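Here is what each chain is made of, one letter per residue.
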Amino acid sequence: CGRGPGGCRGGRTDMALRCAASLAAGRQPRGPRREGAMRWSSAAKPSAVKINEKASREKILTLESMNPQVKAVEYAVRGPIVLKAGEIEKELRKGIKKPFTEVIKANIGDAHAMGQRPITFLRQVVALCTYPNLLDSPSFPEDAKERARRILQGCGGNSLGSYTASQGINCIREDVASYIERRDGGVPADPDNIYLTTGASDGISAILKILISGGGKSRTGVMIPIPQYPLYSAAISELDAIQVNYYLDEENCWALNVNELRRALNEAKAYCNPKVLCIINPGNPTGQVQNRKCIEDVIHFAWEEKLFLLADEVYQDNVYSEGCQFHSFKKILYEMGPEYYNNVELASFHSTSKGYMGECGYRGGYMEVINLHPEIKGQLVKLLSVRLCPPVSGQAAMDIVVNPPVPGEESYAQFIKEKESVLNNLAKKAKLTEDMFNKIPGVHCNPLQGAMYAFPRIFIPSKAIEEAKAHKMAPDMFYCMKLLEETGICVVPGSGFGQREGTYHFRMTILPPVEKLKILLEKVKDFHIKFLEKYA
């Protein structure tokens, strides 16, 4: 076969010995060269190396060769409109003149970026966990130190820098279970059913991964509300599942109607296997808060049709309208009796990012999963173990959300004052936004019962719709792009969330400070009137 000892080709061994000798003598080895071959030398000067751009080979990863499911993913909250906003910000920094002096990013629910102050107690505990030497400082209250010590005792080496169990730190999961029991009036919660996550998004994606299976008409269908938070459509696309839309009733304050659920389910059975039902309560982007009767109807529907329920409850602290109250799906499920409580499979989600905390950057969250098959529980833990563990600082932040100061503790007075200040301000801004939008001709905004967004319906004249088509844009994308270019206000078109055919909306956060929010809303009003005049 022409090979020498050790599998080398004939003559290679002698050449290797000569190379070794040359190196030992401090000389560059010399060997046979193929005609026209280019040989790399580490001794070559950078200036001597010429890059032949024409000779660069074809890329392995291209739009044609990439994963088609990833290419299908769309996430409007950080989509084209936000990229354009970033370009405009760069131009402003270069001194390029615009009809405005700043870009107001009202596209995303990032509370601290909009000026909301952190909750002191939460930051104190995380600081103590991050730098334990501060435990000796008299500047920190004892109740914060006690919580920090307990969290650190649950960490390997008493350090926030260590990995944790894939399901999360045990004492924090115990605190989450206690919180759920208090919130739900004594409904039992098992720490073994609690999974700490990287924000709520991580938990939602993990559950969807484990739920989706089959091919063709047996491929899993996932029922999602329209309008929806684009995480759901993005995850469904990435996992190559089937999206099954059910429409919220805009004429009835974005209510969820079980007859609409049944229509969507029955139509979907012709082309997929619907087995997951997603609920967002309070709603994003729509802000509705579901009443008890609605939740009971949904649970009965899921039980009857054998659907796995996903309850996205990250805005559970954000309820503003009088007569509205947050009811957890877990609580209502339990109160409907053992036939439901022992059978309906439910995953519910919470996060540090919303509520009164607004700690988006910590990426803290949890999910509680009940009635999971014991063997599937093991598979879920296995899936979560692939990412090792959620961010440990985020786990610590989540602990303070579920285990805040209580009456009688040193930090309680300041904590409750800060919490109520944030929530009262949000309630005022929700009403202000609703009222001001409804004074604009051609704009209608339903009551903002909860969450932290407005989703007004906007009238777009047919002339503007035709121009949007000429630019290959959805009409509300065209509207939002014009709004950005003329006012510096960045909002997200309703087409990124889904909407009924022939209707147009945008989503805008209510997080800016009150005075800035008033200016923003006045600018939207002036723009909309001019837009109608131009395209009427």
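Residues numbered from 1 in each chain as written. Predicted model: local features only at pLDDT ≥ 70, side-chain atom pairs only at ≥ 80, totals over all residues. Heavy atoms only, no water.

A. Broad picture of the pattern of salt bridges. Across all of its chains, the model carries 29 salt bridges by this definition. Salt-bridge contacts for Lys 84 lead to Glu 87; the nearest nitrogen and oxygen are separated by 4.0 Å. Of this pair, Lys 84 and Glu 87 both sit in helix α3 (residues 80–93), 3 residues apart, which is roughly one turn of that helix. Accessibility expressed as a relative area gives 27% for Lys 84, which makes it partly exposed. A residue is classified by how much of its surface remains accessible, and Glu 87, at 44% relative accessible area, is partly exposed. Of the charged contacts, one joins Asp 297 and Lys 293 as a salt bridge, the two residues approaching to 2.9 Å between their closest N and O atoms. Residue Asp 297 and its partner Lys 293 are located together in helix α10 (residues 292–305), separated by 4 residues, close to a single helical turn. Classification of Asp 297 as partly exposed rests on a relative accessible area of 29%. (Salt bridge = Lys/Arg side-chain N within 4 Å of Asp/Glu carboxyl O. Helix = DSSP H or I, 4+ residues; strand = E, 2+ residues; numbered from the N terminus. Buried < 20%, exposed > 50% of the residue type's maximum accessible area, 1.4 Å probe, protein only.)

B. Main features of the environment of Asn 371. Its location among the elements puts Asn 371 in the loop between β8 (364–370) and α13 (374–385). Exposure remark for Asn 371: the relative accessible area of 28% places this residue in the partly exposed category. Separated by 25 residues in sequence, Asn 371 and Leu 346 place their C-alpha atoms 7.0 Å apart. In contact with Asn 371, other than residues within four places in its own chain, are Tyr 340, Tyr 341, Asn 342, Asn 343, Val 344 and Glu 345. A polar side-chain atom of Asn 371 sits 2.8 Å from the main-chain carbonyl oxygen of Tyr 341. (Contact = heavy atoms within 4.5 Å. Polar contact = N/O pair within 3.5 Å; in protein donor to acceptor, adjacent residues only side chain to side chain.)

C. Layout of the sheet that holds strand β2 (residues 194–198). Pairing within the open sheet is mixed, and its 7 strands lie in the order β2-β8-β7-β6-β5-β3-β4. The strands lining the two open edges of the sheet, one partner per strand, are β2 and β4 (242–247). Each strand of the sheet is rotated relative to its neighbour by a mean of 25 degrees, with strand direction disregarded. The pairing of strand β7 (residues 346–351) with β8 spans 6 bridges and is antiparallel. Its bridge partner being in β8, Ser 348 is matched across the sheet by Glu 368. Relative to β4, helix α9 (residues 258–268) is tilted by about 150 degrees, and along the sheet it contacts β3 (220–226), β4 and β5 (273–280). (Pairing = 2+ DSSP bridges. Axes fitted to C-alpha atoms, helices over the stretch in contact; angles between N-to-C directions.)

In short, geometric facts, not functional conclusions.
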